[in-house]
Each structure stands twice: as C-alpha cells, then as structure tokens.
Amino acid sequence: SSQKKIKSDRSTKTRCYEFLNMTSRSFAAVIQNLDDELRDVVCLFYLILRGLDTIEDDMTLSIEKKDPLLRDFYNIIRVEGWRFEESGDQEKDRQLLVEFYVVIDEFLKLDEKYQKVITDICKKVGNGMADYATDAALNTYGIISLGDFDKYCHYVAGLVGIGLTNLFIASGLEAEIATRDEAIANSMGLFLQKVNITRDYLEDISHGRCYWPKAIWSQYASNLYELKNPGNETEAINCLSAMLLNTLQHVTQNLTYMNSLRNQSIFEFCAIPQVMAIATLALLFRNYDVYRKVVKIRKGQTLALIKQSKNIYQVAAVFRYYTQQIMKKNDARDPNFLKISIVCGQIEQWC
Ligand code: PS7
Ligand code: MN
Ligand code: MN
Ligand code: MN
Ligand code: MN
Ligand code: MN
C-alpha cells in the first residue's frame with residue numbers, strides 16, 4: 001500500500017507538470033529551472049492561477065456561474081476530488097479544470113507556509129476578477145481611468161508578483177529586506193500584464209472584450225473597434241504609443257527589484273519574462289500589425305534573450321538595447337513623443 005501511495009503521488013505530480021507544459025509557453029521552462037525548494041510550489045501556484053484565469057476568460061459561462069466560482073476558488077483548492085467540466089474554453093485550459101483534483105492533491109501536500117501564501121493571493125485575485133467580470137457584449141470591464149487600469153492589473157498580475165515575492169521569502173532563498181516593498185513587486189506583474197493587454201488587442205476584441213482604459217483610447221477614437229478600421233491608422237498608432245508609454249513607467253522599478261535578487265534560479269525566473277516583455281514592447285511600438293494580427297517575438301530571439309539574462313548587468317544591457325530601438329522609432333508627430341523620450345532617458349540612466 002505504501003508502494004501504491006508513492007506511485008500515485010508520482011503520477012499526480014507528473015500530471016501537474018504535463019499541465020504546466022501544456023498551458024504555458026513562457027513560464028514552463030523558468031519554473032522547472034527553479035531550485036528544488038520552490039519548483040513544485042511555484043508550479044502549483046501557476047496552475048491554480050491558470051485555472052482561475054480560465055474561468056475568468058470563459059465567455060460561455062454566465063456571470064451567475066462565474067462570480068461565485070471566482071470568489072470561492074481559494075476554498076475550492078482544498079476540496080479533494082473537485083473538478084469542473086462546464087468550461088467551454090480552449091481545450092488545453094479546459095482539461096486542466098476537468099482534472100483539477102490532481103492540482104488540489106499536490107497543493108495539499110505543500111508546506112503549510114506556502115499553502116497560506118497561495119490561498120491568501122488566490123482569494124484576492126478571484127475577488128478582484130469577479131469585481132471586474134461582466135457578460136455585457138463589447139465591454140470595457142469598467143476600466144475607465146488610469147487608476148482603474150492599474151487596479152485591474154493589480155488584481156490579475158500585481159498580486160501574483162506580491163505572492164511570488166512572499167514565496168521567495170518564505171523559502172529562505174531571498175532576504176526579506178531587499179524585496180519587501182509591495183509596490184515594486186506589484187510593478188513586476190503590471191509590466192507583464194500591460195504588455196500582454198496591449199499585444200492582445202485584436203484577439204481580445206474578436207472575443208468581445210478589451211482591457212485598454214477609456215482614458216487612453218477615448219483620446220484617439222469614439223469606440224474601441226474604430227481603432228482597427230481603415231482610415232484611422234495614425235490615431236491607432238498614436239493610441240498604441242500612449243498604451244506603451246503607460247507600460248514603460250514600470251521599467252526602472254522592475255530593474256530595481258531584479259537588482260535586489262540574490263538567488264540565481266529566482267533571478268532567471270523573474271528576469272526572463274521581463275526581458276521578453278521589453279522585447280515585445282519594442283516590437284509593438286508604432287507597429288500597425290498589432291491591429292491586423294498577433295505580434296510575437298521570434299523563437300530564435302527568445303532563445304537569445306534567455307541566454308542573456310543570467311545577471312543584472314546582462315539584463316540592463318538588454319533593456320538599454322530595446323530602449324534605444326524604441327527611441328529610434330519614436331516619431332516627433334506623435335503627441336507623446338516628448339514623454340516617451342523622457343521615460344526612455346530615465347531607463348537608460350538606470351542601466
Ligand atoms: C505563478 C509564475 C516574478 C515578481 C496564469 C508572473 C492571465 C501576464 O492572455 O498566459 O491569458 O494568454 O500570456 C504565473 C512578478 C496568472 C504575472 C496573468 C501566474 C511577475 C493569472 C503574470 C500566471 C508576476 C492571471 C500570463 C501576469 O499571461 O496571458 C506564475 C514577479 C497566471 C507574474 C494572468 C498573466 C500572466 C500574466 P493570456 P498569459
Ligand atoms: Mn498566453
Ligand atoms: Mn483573464
Ligand atoms: Mn487569459
Ligand atoms: Mn491576454
Ligand atoms: Mn491566451
């Protein structure tokens with residue numbers, strides 16, 4: 001029977017890593033590269049958040065079903081045998097919820113201190129998602145002001161940065177003193193989320209959703225669809241610049257956060273998504289393809305970036321390079337020309 005227990009332990013853990021590799025292109029490698037103490041913890045944190053995000057993103061679920069699921073998810077993660085078969089979302093994400101009991105089994109085996117951090121963040125993320133969820137046709141999720149935008153991004157990504165920081169500290173692999181500032185951990189998540197939201201304009205709008213704040217897009221168009229219509233190219237490009245200017249304000253704080261890390265595997269885990277995000281941001285900048293297709297950095301470029309993210313000096317050099325690419329593309333006719341050049345100057349100065 002103890003033989004059997006070991007075998008079943010091994011297979012639920014293996015299944016969790018299969019799900020990680022299935023549902024994430026960018027995070028699977030950096031999570032698996034983490035030190036033993038944190039690898040399973042962060043893998044399970046990822047899968048729990050992926051489950052939550054699948055429910056949030058599912059446009060086939062009514063708000064009456066979605067709201068309590070999101071708000072209760074922090075309790076659901078301790079219900080042995082729980083599964084969810086009603087999600088009509090993409091196949092790979094759907095399957096995670098169908099077999100979610102394997103994630104729960106492994107989560108319940110984690111050290112109490114890690115369970116506590118994950119549960120606390122899961123409660124806040126789920127409630128934040130529910131506050132913004134709606135099933136109105138094209139909607140802006142109540143993301144009107146820049147403050148609303150930062151608040152939504154805090155719920156879905158900033159809290160992830162805060163939770164990860166708490167896990168690093170709980171593991172003893174990072175010193176509390178260096179990473180204690182929650183605003184900086186929050187900024188790490190906001191930068192990733194804002195690049196994602198900006199890049200995914202076309203994909204999201206095709207599903208009847210968009211997370212761009214009205215305070216930005218209303219300066220360039222009377223509705224969000226208009227931006228992609230022929231004849232509005234200049235306004236669309238300038239609106240994109242405004243989104244990316246808002247995103248760039250997080251960079252210097254994030255460099256400060258990464259500079260404070262001491263553990264090599266944690267450094268790479270944090271830095272690789274950040275360098276991929278700045279490379280993506282530079283590619284999106286003044287690029288009309290954002291309104292025509294999904295814009296992604298090439299596989300070869302990703303591999304080169306991963307090799308160049310071993311320490312803060314390399315990471316700063318990568319950020320300096322992409323900041324210069326942005327400066328080169330910056331156009332004096334863009335209403336945000338000056339602000340963009342100032343924020344780029346501040347980044348270069350940090351580097
Ligand atoms: C626990 C590693 C490292 C201090 C699933 C990592 C969707 C951009 O458009 O899948 O849905 O396909 O490309 C990751 C801070 C979060 C913020 C957020 C959890 C970094 C659920 C991730 C990832 C903090 C909500 C992936 C922000 O986007 O989007 C772990 C430090 C999940 C991090 C979502 C987005 C992540 C995201 P899409 P993606
Ligand atoms: Mn994705
Ligand atoms: Mn989502
Ligand atoms: Mn999503
Ligand atoms: Mn997205
Ligand atoms: Mn997606």
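Calculation rules
- Residues numbered from 1 in each chain as written.
- Chains lettered and ligands numbered in written order.
- Predicted model: local features only at pLDDT ≥ 70, side-chain atom pairs only at ≥ 80, totals over all residues.
- Heavy atoms only, no water.
- Helix = DSSP H or I, 4+ residues; strand = E, 2+ residues; numbered from the N terminus.
- Expected span 1.5 Å × (residues − 1).
- Bend = angle between axes of the 7 residues up to and from the residue.
- Donors = N, O, S within 2.8 Å, 3.2 Å for Na, K, Ca; no water.
- Near = heavy atom within 4 Å.
- Polar contact = N/O pair within 3.5 Å; in protein donor to acceptor, adjacent residues only side chain to side chain.
- Areas by Shrake-Rupley, 256 points an atom, 1.4 Å probe, with all protein chains shown as cover.
- 1 Å grid on protein atoms, 1.4 Å probe; cavity = no way out; pocket = protein on both sides within 12 Å on 5 of 7 lines; lining within 4 Å.
- Points joined across faces, edges and corners; volume = space filled by probe spheres on them.
- Nonpolar A, V, L, I, M, F, W, Y, C, P; charged D, E, K, R; others polar.
- Buried < 20%, exposed > 50% of the residue type's maximum accessible area, 1.4 Å probe, protein only.
- Salt bridge = Lys/Arg side-chain N within 4 Å of Asp/Glu carboxyl O.
- Phe/Tyr/Trp six-rings, centres within 6.5 Å; stacked < 30°, edge-to-face > 60°.
- Lys NZ or Arg CZ within 6 Å of the ring centre and 35° of its normal.
- pLDDT = per-residue confidence, 0-100.
- Contact = heavy atoms within 4.5 Å.

### As for helix 8 (residues 146-171)
- Its 26 residues give helix 8 an end-to-end C-alpha distance of 35 Å, which sits within 8% of 38 Å, the value for a rise of 1.5 Å per residue.
- Most pronounced at H154, the bend in helix 8 amounts to some 55°.
- Looking one or two places after helix 8, you find G172, whose phi comes out positive at around 80°.

### Details of the coordination of the manganese ion (ligand 4)
- Those protein atoms acting as donors to the manganese ion (ligand 4) are D53 (OD) and D57 (OD), and they sit at 2.2 Å.
- For the pair the manganese ion (ligand 4) and the manganese ion (ligand 3), the metal-to-metal distance amounts to 3.4 Å, and D53 bridges them. Here D53 and its partner D57 are both found in helix 3 (residues 36-57), four residues apart, which amounts to about one turn of the helix.

### Side note on the site of ligand 1
- Surveying the vicinity of ligand 1 reveals 21 residues, the closest of which are R50, V156, Q193, N196 and D200.
- At 2.5 Å from an oxygen atom of ligand 1 is found a side-chain nitrogen or oxygen belonging to R50.
- Between D53 and ligand 1, the recorded distance is 3.3 Å, taken from a side-chain N or O atom to an oxygen atom.
- Bound to the protein, ligand 1 loses 88% of the 850 Å² it would expose on its own.
- Contributing elements (two or more residues each) for the shell around ligand 1: helix 3, helix 8, helix 10 (182-199) and helix 15 (264-284).
- The biggest single contributor to the shell around ligand 1 is helix 3, with six residues.

### Here's the deal with the layout of surface pockets
- The space that makes up the second largest pocket amounts to roughly 200 Å³.
- Counting only elements with at least two residues in the lining of the second largest pocket, the list comes to helix 12 (214-217) and helix 13 (233-248).
- In terms of residues, the lining of the second largest pocket owes the most to one element, helix 13, which gives three residues.
- Here the lining of the second largest pocket is built from residues that sort into six nonpolar, four polar and one charged.

### Notes on unusual backbone geometry
- Phi is positive for R286, close to 55°, though the residue is something other than glycine.
- Looking at the element boundaries, R286 is found in the loop between helix 15 and helix 16 (299-307).
- Overall, R286 belongs to the partly exposed group, its relative accessible area being 22%.

### A look at the environment of Q264
- Position of Q264 relative to the elements: it lies in helix 15.
- In this structure Q264 comes out as partly exposed when scored by relative accessible area, which is 42%.
- At 2.9 Å, the side chain of Q264 and the backbone oxygen of K310 are in polar contact.

### Focus: the pattern of salt bridges
- Enumeration according to the criterion identifies 20 salt bridges in this entry.
- One salt bridge in this structure joins E85 and R83, with 3.3 Å as the shortest N-O distance.
- With a closest N to O distance of 3.6 Å, K124 and D120 form a salt bridge. Note that K124 and D120 are positioned in helix 7 (residues 112-132) at a spacing of four residues, about one turn of the helix.

### What about the packing of aromatic side chains?
- According to the stated counting rule, one finds 14 aromatic pairs in the structure shown.
- Judged by centre distance (6.4 Å) and plane angle (70°), the ring pair of W212 and Y291 falls under edge-to-face. Of this pair, W212 sits in the loop between helix 11 (201-206) and helix 12 while Y291 sits in the loop between helix 15 and helix 16; the two residues are 79 residues apart in sequence, bridging distant segments of the chain.
- Overall, the relative accessible area of 4% leaves Y291 in the buried class.
- By the ring-pair criterion, three or more aromatic residues cluster together here, those being F73, W82, F84 and F100.
- One Lys or Arg, R15, reaches over the ring of F19 and ends 4.4 Å from the middle of that ring.

### Topic: the confidence of the model for the chain
- A residue-level look at the chain finds 94% of positions with pLDDT of 70 or above and a mean pLDDT of 93.
- No element of the chain has a lower mean pLDDT than helix 9 (residues 176-179), which averages 66, and none a higher one than helix 13, which averages 98.
- If you check the scores for this complex, the pTM reads 0.94 and the ipTM reads 0.92.

### Examining the environment of T198
- Structurally, T198 can be placed in helix 10.
- You can call T198 buried: its relative accessible area is 0%.
- In this structure, the C-alpha to C-alpha distance between T198 and Y211, residues 13 residues apart in sequence, is 8.3 Å.
- Here T198 is in contact with W212, L240, M243, L244, T247, L284 and V290, once residues within four sequence places are set aside.
- Here the side chain of T198 touches K194 through a polar contact of 2.7 Å, landing on its backbone oxygen.

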